[in-house]
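Overview (structure and organization)
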Amino acid sequence: MPPLITSRPALGRRDLMRTVGTAAIASQFLPSMALAQSAISDELRIANEETPYGLDPVHEYSAGYLRSIGVAEGLLRLTPQGDVDVDIAAWFANAGPNAWRVGLRPDVRFQGGKPVTAKEVVASLERTRALSTYGANLLKGISIDAEGDLVVRFSANRAIPALPQILTDEWLMIHNAESFGAKDNSFDVGAADYTGAFKVATFNPRVQVVAERNPKYWGETPRIARIVLNEVSDPDARSLAALSGEAHIVRSITAESSARIQRSRTSRLYTIPSTDCAAAYLNIAKEPFSDVRVRQALAWSLDRDEIVNVSYNGLARTAPSWLGTNVAYPEARRVGYTRLDLTRAARLLDEAGWTLASGGKVRARNGKPLKFSLIWWGGGKPTAELMQAQWAKMGAQVEVLGSPDYGLLDSLRSAGNWDVFVEGWGTDGDPESVLSRHVAADGDLNYMKYNDAVMTDLLKGFETLTDAEDRRVQALHINQRHADTVPFIPISSRARLNAVSTKVHGYVPHFQWWQYEVHSDLWVSS
Amino acid sequence: MLRYTITRLAIALPVLLAAVTASFILIHAAPSDPVAIMFGAVRGGSQVGATGTQRDALRHELGLDRSWPEQYFSWVARTAQGDLGTSFRSRRPVATEMGNRMPATLSLGLTALVVQAILGLGLGALASRHPGGFVDHVTNAIAMILVSVPAYWLGLIFLWTFAVGLNWVDVTGPPDPSRIVLPALTLGLVMTPPVMRVFRTSLIEQQSRAHVTVARSKGLAEGVILFRHVARPAILPAITLLGISMGEMLGGAVIVESIFSWPGLGKYLLDSILARDYPVVQGYMLLTTFTVVIGTLVVDLLHGFLDPRLRTP
């Protein structure tokens, strides 16, 4: 892959003429422009469901929040279109199947003033590896070395084609390791030394973070001078914060509140293109789910459009296949369970021996009814009840149980005491890492103990693929195999809704909530 | 009185122990564990998870691989020395975490208590003036409405009206005096009816007592009769209720604190229960029980002060 460099193009003659002409016209309006300039607010207020527990990136509950408000940065980042791009790195290049080199920008400094050299980057990443479980797993088997002042080399004993995606992860923010120290140091504002456009000024764990403009920022100086991130855990209170105009950006608006925001004159509703996939996980170790025909029948008999309309007010996307909600895989929307097909579902169940007696409502096989439980957690009750009604139409008797508390599901699952449960996970990132968690025989999210020889071979195929496009195509093959064997039934994305004040300009929604909502071009009119 | 106080304090110790033992058993009996929740779908990233070995290592670090009795006695021994342990989530001492949030809860609780006392006693006195009359019916209706209205709903209505409609208050922000009015009003209002009804009934009952008739026949001023001979004994049951409210304010403020983003102990407790942050939940139960025990003792001592009959052995 050729090096990627982010740079500004030089001005040509046409650009110059345009600039002069604009300036001439603008001079007529200088007084009003001055007024407009003074009407820019220097504070951006954000309300979120949670705020960080700590300021140290190795703390479990800090990383993403700090990145989302422009305090922290990584070597690389993901664009809203899902492409890997540079961040504090200037370029990155493949140095063979087992190695990558990343070049740093020469002008990047930590907020305290210290230059960010290759040695500092190595120290930062090694500290994360040592102190963070996620960091350790992301960097497992990867050696990190400084080559001079501005180049970092990543190498391993195996191919690491997904390293660029790994380096975009929220856990691998570049921080001043010396400032933070050898242990988790989450509550010392003075130690929180990052590279971002904003520096933490005050911090109240799980209440508020205030960040102020970093005068030593290497990039374009942001127009906003101050960011206030407040925790508002109640979803109704969050929507009121948006409607009152008190918060300029409010994250995690519920589908129930979305209509009020849409009618508001002070806020706009953004439907963030989520790459999550909520799915119904099936216990394939036991009847009736051990039969693939039953699994396929259940998948064909779900009306995903109805689920999206009822549960998410139409603000989510259906998932005909596992990767069908991920913008990086547009082909995946044409694969799998693209429509409701009760006729096919009925045929499959008949073939599997689950038949309806004359006048009966529940299918049975050898006298045993088609009956199972469906567990929900969090806010999944409406979806579960809808699925119960839809599956009842094709002769399944479903008992819905659950709790907003995650612990109940986890406990039942650990004991093997479950039939179906609904859960959602992201699908963005390196496809090998993400997909194998669910469908590799030893995947940590393979609750179903799914073990398919064809799938295993497909996952092994990643080992020899170094090109990003080849890996994407391999992921699509896995997606197809998943649709054929359906160990879990994809349903939809989850609605991610943000309310943004009409006073905010330059807002760009991103499918990863912790990627830069705040950037240099964002500003707020007062 | 001193012997009485010492006796009450001595009884408080086994009560405290029983309460914290019960809370230990209940929180540990809840399904799942903190490590599973930490790495589960609630928070887990999509590219990597935690291996079984890593989860077990964390369980060992947090002491969760020990038996219940071992964990319990270890916690009791540490607590007796003033160490409430370390929060699993924040990795900070529980005492520090609770100490940081205590001022917000105390300020909210005490303000709500004042609201409850003023409204409860005031409306109760008003209603007792003419039992069965128009004012009595109106105050009764107010009590019915307040006891039926959930705090959650009332709080949102207040926010909608005063934050969104009138823009007089903020929905979020630090726990400063400008933001305490609505949450205190919400909490105080929903807890007013019992005080109001008890005080009203008690006042009416006292008015028909013989000593009041004697005082009237002696020609004492009505104000003196009402204050010294009626209100003073009538207020005792209401004070008992207010004392119990002190303990309830700590627990009942969970919902109000969540709606108003008030960074107090209630919201912290809710988050900790969902995360199975055992040291925090146990520490909170200890604190709440202690508050109720001390609150009840204070009320009893006040009773003794207000009613001389209770002082004689």
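Residues numbered from 1 in each chain as written. Chains lettered and ligands numbered in written order. Predicted model: local features only at pLDDT ≥ 70, side-chain atom pairs only at ≥ 80, totals over all residues.

In this section: the overall build of chain A. Broken down by element type, chain A carries 17 helices and 23 strands. Expected size for 526 residues packed as a compact globule is a radius of gyration near 24 Å; at 26 Å, chain A falls within 12% of this value. The dimensions of chain A, computed from C-alpha atoms along their principal axes, are 85 × 55 × 50 Å. Counting across all 526 residues of chain A, residues that qualify as buried make up 50%. Excluding contacts between residues fewer than 6 apart, the proportion of contacts in chain A whose partners are at least 24 apart in sequence is 68%. (Helix = DSSP H or I, 4+ residues; strand = E, 2+ residues; numbered from the N terminus. Rg over C-alpha atoms; globule rule 2.2 N^0.38 Å. Buried ≥ 20, exposed ≤ 12 C-beta atoms within 10 Å, placed from the backbone. Contact = placed C-beta atoms within 7 Å.)

Moving on to the domain arrangement of chain B. Residue and element names in this part refer to chain B. Domain annotation for chain B reports domain 1 (10-80) and domain 2 (99-308). Placing a centre on the C-alpha atoms of domain 1 and another on those of domain 2 gives a separation of 34 Å. Contact residues are listed per partner, giving 16 residues for domain 1 and 11 residues for domain 2. If you list the elements that add at least two residues to the side of domain 1 that touches domain 2, you get α1 (2-29), α2 (34-38) and α4 (68-80). (Domains from an automatic or database assignment.)

With that out of the way, let us pick up the confidence of the model for chain B. Here chain B averages 85 in pLDDT, and 95% of its residues register 70 or above. Scored as a complex, the prediction yields pTM 0.86 and ipTM 0.84. (pLDDT = per-residue confidence, 0-100.)

In this section: the interface of chain A and chain B. In this assembly, 47 residues from chain A lie in contact with 38 residues from chain B. At the level of secondary structure, the elements contributing two or more residues to the side of chain A that touches chain B comprise α5 (133-138), β11 (226-231), α8 (235-243), α14 (406-414), β19 (420-426) and α15 (431-439) of chain A. Each residue belonging to the side of chain A that touches chain B can be placed in one class, and the counts come to 19 nonpolar, 14 polar and 14 charged. (Nonpolar A, V, L, I, M, F, W, Y, C, P; charged D, E, K, R; others polar.)

Residues other than glycine predominantly adopt negative phi, and peptide bonds predominantly adopt the trans conformation. Residue and element names in this part refer to chain A. Here Glu 287 and Pro 288 are connected by a cis peptide whose omega angle stands at -5°. Locating Pro 288 in the fold gives a position in the loop between β14 (276-282) and α10 (292-300). Even without being a glycine, Asn 366 presents a positive backbone phi close to 50°. Residue position: Asn 366 is located in the loop between β15 (364-365) and β16 (368-369). Exposure remark for Asn 366: the 6 C-beta atoms within 10 Å place this residue in the exposed category. We note that Val 486 has phi near 35°; this positive angle belongs to a residue other than glycine. Its place among the elements puts Val 486 in the loop between α17 (468-485) and β20 (488-492).

With that out of the way, let us pick up the environment of Ser 87 of chain B. Considering the arrangement of structural elements, one finds Ser 87 of chain B in the loop between α4 and α5 (94-129). Along the primary structure Ser 87 of chain B and Val 48 of chain B are separated by 39 residues, whereas in three dimensions their C-alpha atoms are 25 Å apart.

So, about the domain arrangement of chain A. A common measure of how large an interface is: the accessible area buried when the components associate. Residue and element names in this part refer to chain A. You can read the domains of chain A as domain 1 (13-68 + 186-272 + 496-524), domain 2 (76-174) and domain 3 (277-492). Counting from both sides, the interface comprises 7 residues of domain 1 and, opposite them, 5 residues of domain 3. Ranked by residues supplied to the side of domain 1 that touches domain 3, first place goes to helix α9 (residues 255-263) with 3 residues. Across the side of domain 1 that touches domain 3, the residue classes tally to 4 nonpolar, 3 polar and no charged.

Quick look at the sheet that holds strand β8 (residues 151-156) of chain A now. Residue and element names in this part refer to chain A. Taken in spatial order, the 4 strands make up an open sheet running β5-β6-β8-β7, and their pairing is antiparallel. Both outer strands of the open sheet, β5 (89-94) and β7 (142-147), are each paired with one neighbouring strand and no more. Direction aside, neighbouring strands of the sheet carry axes that sit 20° apart on average. The pairing of β7 with β8 spans 6 bridges and is antiparallel. When the bridges of β8 are listed, Asp 145 appears paired with Arg 153. Sheet contacts for helix α4 (residues 118-131): β6 (99-104), β7 and β8; angle to β7, the most-contacted strand, approximately 160°. (Pairing = 2+ DSSP bridges. Axes fitted to C-alpha atoms, helices over the stretch in contact; angles between N-to-C directions.)

To continue, consider the nonpolar core. Counting residues in hydrophobic clusters, the biggest one holds 173 residues, and the most contacted among them are Ile 69, Ala 89, Ile 227, Ala 241, Ala 280 and Ile 489 of chain A together with Leu 187 of chain B. If you tally residues by element for this core, the top one is β14 of chain A, at 6 residues. Excluding residues within four positions of it along the chain, Ala 280 of chain A makes contact with Met 387, Val 420, Val 422, Phe 488, Ile 489 and Ile 491 of chain A. Leu 123, Ala 143, Phe 199 and Ala 234 of chain B belong to the second largest nonpolar core, which has 18 residues in total. (Core = buried A, V, L, I, M, F, W, Y, C linked by C-beta atoms within 7 Å.)

Residues and elements named next belong to chain A. Pairing in this open sheet of 5 strands is mixed, and the strands run β18-β17-β19-β14-β20 from one edge to the other. Since the sheet does not close on itself, it has two edges, and those belong to β18 (397-403) and β20, each with one partner. Looking at each pair of strands side by side, their axes are set apart by 30° on average, direction ignored. Note: β14 against β19, 7 bridges, orientation antiparallel. Each residue of the ladder has a partner; that of Ala 278, found in β19, is Gly 424. Here helix α13 (residues 381-393) sits on the sheet and contacts β14, β17 (371-377), β18 and β19; the angle it forms with β18, its principal contact strand, is near 175°. Against the sheet, α14 makes contact with β17, β18 and β19, and its axis sits at roughly 140° relative to β17, the strand it touches most.

So, about the pairing of β17 of chain A. Residues and elements named next belong to chain A. Summarising burial for β17: 5 of the 7 residues are buried, a large majority. Relative to β19, β17 runs parallel, the two being bridged by 2 bridges. Bridging from a neighbouring strand, Ile 375 pairs with Phe 421 of β19.

So, about the pairing of β5 of chain A. Side-chain positions along a regular strand alternate between the two faces of the sheet. All names here are of chain A. Examined bridge by bridge, β5 and β6 share 5 bridges and lie antiparallel to one another. Bridging across to β6, Phe 92 finds its partner in Val 102. Here β5 folds back onto β6 in antiparallel fashion, the turn holding 4 residues, of which Gly 96 has a positive phi close to 110°.

In this section: α4 of chain B. In a regular helix each residue adds 1.5 Å, so 13 residues correspond to 18 Å; α4 of chain B covers 18 Å between its end C-alpha atoms and thus fits that length. Trailing α4 of chain B by a residue or two, Gly 82 of chain B shows a phi angle of about 90°, which is positive. (Expected span 1.5 Å × (residues − 1).)

In this section: the packing of α5 of chain B against helix α9 (residues 192-207) of chain B. Residue and element names in this part refer to chain B. Contact geometry of α5 with α9 gives a least axis separation of 7 Å together with a crossing angle of 40°. When the axes of α5 and α9 are compared, the crossing they make is right-handed. Between α5 and α9, the residues in contact are Gln 116, Leu 119, Gly 120, Leu 121, Leu 123, Gly 124, Ala 125, Ala 127 and Ser 128 and Thr 192, Val 195, Met 196, Phe 199, Arg 200, Leu 203 and Ile 204, respectively. Looking at the contact of α5 with α9 residue by residue, the class counts come to 10 nonpolar, 5 polar and 1 charged. (Left-handed = near helix turned anticlockwise from the far one by under 90°.)

Quick look at the packing of α5 of chain B against helix α12 (residues 265-274) of chain B now. All names here are of chain B. Interaxial distance between α5 and α12 falls to 8 Å at its minimum, and their mutual angle equals 135°. As the angle between them shows, α5 and α12 are arranged oblique. Contact with α5, carried on its side by Glu 97, Met 98, Arg 101, Met 102 and Thr 105, involves Leu 265, Gly 266 and Tyr 268 of α12 and no other residues of that element. The class makeup of the residues in the contact of α5 with α12 is 4 nonpolar, 2 polar and 2 charged. (Parallel < 35°, antiparallel > 145°, perpendicular 65-115°, else oblique.)

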